[in-house]
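Architecture at a glance
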Amino acid sequence: MNNLLQYTLRIADSSLILGQRMSEWCSKGPSLEEDIAMSNIALDLFGQANGFYEYASELDGSKSADDLAFKRNEREFFNRQLLEQENGNFGTTTVRNFLHDAFNFLFYTELSFSKDETLAALAAKSLKEVKYHLRHSSNWLIRLGDGTKESNLKVQEALNFLWQYTGELFEMDDIDNKILALEIGVDNKKLKDKWNEIINSTIEKAKLNRPEDGYMATGSRKGIHTEHLGFILAEMQFLPRAYPDAKW
Amino acid sequence: MQNGNTDHIWQLLNTIPDPEIPVISIIELGVIRDITFSERSYTILITPTYSGCPAVKSFTDDIRKCLKENGIRNFKLKLVYSPAWTTEWMSDATKKKLKKYGIAPPSNTVICPQCNSKNVELISEFGATACKSMYKCLDCLEPFEFFKCI
């Protein structure tokens, strides 16, 4: 597969899968405002995914954006493993999104300088939205961490569990390196210092402890996932697979 | 009406209301970036306010309908992402319309559209649509929406 197509799909898949997770909160939010907020974030992510899929479809030349989203299996999805992790309680979702929003904010900031005009435009657009997402998840992390004993415990547990999925964010494989060499892609390794600054200062305000780096999960760049992705796809892809010509 | 008069197209599109905020037109919202004419066909460049804004589908359908009703058959709509939409494109006149409608217009200071107080409190970063957040005025106690600056 063409490197640029693969690179674009990774971004699109990450937006789609996190969007799908956020949409699971619709009608189940802890308050009406949060329900609306999470559905809005899901919409932003679907919109971003759509932009990247449309571009991927152009690069692919035969599959439509919908084909890419709905007619690939687990091993053909390249979203970051962190994003397929279960919503858990509201604290788990907050921690997962916060860890990723901080990364995504830095990633899109860099990608907006890409030599590829389409990726740069999509990144600049997405960045505006991700800034809000980061502010939203940071504020909640602080409120929950510096809240009650119970809320502090819940977000600390989530942080300890999800930490193992943060290593992958900063990996660089052959495709990343090739796309970086063309000045199209982002050097993920270089994002780590700034990410640490955001994470550390927010964790401190939230009165939480930064987990030690231990085992780090990896593999999404090769299509390797945790058990959760299959269930997400089963729900998300059911309708277009059962009724391939359905239109609405 | 396939004579290449793009001003006429701008005028027609200015009659299409924003699907969520009907007091302003899609032109005033700033989502129509350019209209060009070549080879007997108009090209209309559209940019979304937010990537996932459901209104985009709604107003692109409205544009097609409006142009067809006015006898314009040869046109295409093209979605562009750069430059990204910004509330800075909104004119002062448009902001006044928003305020009159009860939505605090985009600004560095959030002001209650009912009583003009600056003594306001954020309720939620997100409102009924992606482009708005929710506030409460601490003077007149009315809740209101604020059009976010992006």
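Residues numbered from 1 in each chain as written. Chains lettered and ligands numbered in written order. Predicted model: local features only at pLDDT ≥ 70, side-chain atom pairs only at ≥ 80, totals over all residues.

Helix and strand counts for chain B come out as 4 helices and 7 strands. Structurally, chain B occupies a C-alpha span of about 55 × 25 × 20 Å along its principal axes. Taking all 150 residues of chain B together, 34% fall into the buried category. A separation of at least 24 residues holds for 52% of the contacts in chain B among residues at least 6 apart in sequence. (Helix = DSSP H or I, 4+ residues; strand = E, 2+ residues; numbered from the N terminus. Buried ≥ 20, exposed ≤ 12 C-beta atoms within 10 Å, placed from the backbone. Contact = placed C-beta atoms within 7 Å.)

Residues and elements named next belong to chain A. As a packed pair, helix α1 (residues 3–23) and helix α2 (residues 32–60) sit with axes 8 Å apart at the nearest point and diverge in direction by 155°. Taken together, the axes of α1 and α2 lie roughly antiparallel to each other. Taken as a pair, α1 and α2 cross one another with a handedness that is left-handed. For the contact of α1 with α2, a count of residues per class yields 19 nonpolar, 6 polar and 1 charged. (Axes fitted to C-alpha atoms, helices over the stretch in contact; angles between N-to-C directions. Parallel < 35°, antiparallel > 145°, perpendicular 65-115°, else oblique. Left-handed = near helix turned anticlockwise from the far one by under 90°. Nonpolar A, V, L, I, M, F, W, Y, C, P; charged D, E, K, R; others polar.)

At the interface, 16 residues of chain B touch 20 residues of chain A. Split into classes, the residues belonging to the side of chain B that touches chain A amount to 11 nonpolar, 4 polar and 1 charged.

Attention now moves to the nonpolar core. Within the largest apolar cluster, 94 residues are counted, with the highest numbers of intra-cluster contacts made by A:A12, A:F52, A:A102, A:F103, A:L141 and B:A104. Per element, the largest residue contribution to this core is 12 residues, and it comes from α2(A). Summarising the domain contributions, this core has at least three residues from each of domain 1 (6–85) and domain 2 (88–147) of chain B. (Core = buried A, V, L, I, M, F, W, Y, C linked by C-beta atoms within 7 Å. Domains from an automatic or database assignment.)

These values are about where atoms sit, not about what they do.
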